[in-house]
Amino acid sequence: MTTPDTARHTPNSMDGNPTIDERANHCFGCGPANPQGLHLAFTTDTSNPEAITATCHFQLDRMHEGPPGYIHGGIVAALLDEAMSKLNRPLNVLAMTRHMEIDYLRPVPLYQPLVLIGRHLNRPAKDGTPGRKLFHQAEIQHPDGTVLARSKGLFIAIDEKLLFAAGITPPEA
Ligand SMILES: CCCCCCCCCC(=O)SCCNC(=O)CCNC(=O)[C@H](O)C(C)(C)COP(=O)(O)OP(=O)(O)OC[C@H]1O[C@@H](n2cnc3c(N)ncnc32)[C@H](O)[C@@H]1OP(=O)(O)O
């Protein structure tokens, strides 16, 4: 006989139906209010609107270990997803990851300062207006420039009402 694992992994304070703003603050990737999050802080560069980037310097420890001494592959995916998603706001778009692919090129080490860079690739127009599909890429780099992991992602612009339909309360006006 097996017993389901009912252990909670979040504090009670995170119960409830958060607003989008509160949800953003608790984002596993970048939310400062999420005690178990990655607390990634990005700098976006929009000086070239054709090549917007988001860059984050980070370092993880054993909490995120997969292979001994290295970051878990799922966390690597979360890092890359976060870097790509950070490109949506400067593009003034609310968008969600629809598809992403990852090349795990080298194990990504714990305890070392690393660089995470997202780059906007393109947003094909549809019927003469900006389409819903946004294509981004991201990399995790060693400080010597070696690329350790790389992703490409398709993000789909969504209407705020869709989040409402999903049960997430929009922020107060
Ligand atoms: C929202 C703000 C919060 C930001 C937080 C950031 C966190 C980091 C980013 C994330 O991790 S978001 C969380 C993970 N993602 C999800 O949970 C999304 C789950 N998926 C969905 O909710 C829906 O699939 C989605 C809203 C993204 C899209 O559904 P829709 O029904 O609106 O669109 P549809 O499925 O028709 O796809 C839109 C277009 O993409 C095309 N498409 C879909 N998959 C494709 C693919 N793999 N390759 C190429 N094209 C693709 C699809 O054919 C279609 O093309 P057309 O418009 O030309 O018809």
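Since we're looking at a predicted model, the values are computed, not measured.

Q: Even after reading the chapter, I still don't get the pairing of strand S4 (residues 114–122), so can you show me in this structure?
A: Every regular strand shows the same layout, with side chains that alternate between the two sheet faces. As judged from the six bridges shared by strand S2 (residues 53–58) and S4, these two strands associate in the antiparallel manner. Bridge pairing links Cys-56 to Leu-116 in S4. Note that S4 and strand S7 (residues 133–141) share seven bridges and pair antiparallel. By the bridge assignment, Asn-122 is partnered in S7 with Phe-135.

Q: Whenever I open this one, the environment of Pro-113 confuses me. Can you help?
A: Structurally, Pro-113 is set in the loop between strand S3 (95–104) and S4. With 54 residues separating them along the chain, Pro-113 and Gln-59 place their C-alpha atoms 4.8 Å apart. What Pro-113 contacts, discounting residues up to four positions off in sequence, is Phe-58, Gln-59 and Pro-143.

Q: What is the right way to read the site of the ligand from this model?
A: Taken together, 13 residues surround the ligand, and among them Asp-81, Thr-97, Arg-98, Arg-132 and Lys-133 come closest. Contact between the ligand and Thr-97: a nitrogen atom at 3.0 Å from a main-chain N or O atom of the residue. Here an oxygen atom of the ligand and a side-chain polar atom of Lys-133 are 3.4 Å apart. Contact with the protein chains removes 54% of the 1200 Å² of surface that the ligand exposes when unbound. Mapped onto the shell around the ligand, the elements with two or more residues apiece are helix H2 (73–85), S3 and strand S8 (147–157). For the shell around the ligand, the leading source of residues is S3, giving four residues.

Q: Would you mind going over the state of the cysteines with me for this structure?
A: All chains considered together, the criterion is met by zero disulfides. Of all cysteine sulfurs, the one in Cys-27 lies closest to Cys-30, which takes part in no disulfide; the gap is 3.7 Å. Cysteine Cys-56 shares no disulfide, and the gap to the nearest cysteine sulfur, in Cys-30, comes to 9.7 Å. Judged by relative accessible area, which is 0%, Cys-56 ranks as buried.

The rules behind each value
- Residues numbered from 1 in each chain as written.
- Predicted model: local features only at pLDDT ≥ 70, side-chain atom pairs only at ≥ 80, totals over all residues.
- Heavy atoms only, no water.
- Pairing = 2+ DSSP bridges.
- Helix = DSSP H or I, 4+ residues; strand = E, 2+ residues; numbered from the N terminus.
- Contact = heavy atoms within 4.5 Å.
- Near = heavy atom within 4 Å.
- Polar contact = N/O pair within 3.5 Å; in protein donor to acceptor, adjacent residues only side chain to side chain.
- Areas by Shrake-Rupley, 256 points an atom, 1.4 Å probe, with all protein chains shown as cover.
- Disulfide = S-S within 2.5 Å.
- Buried < 20%, exposed > 50% of the residue type's maximum accessible area, 1.4 Å probe, protein only.

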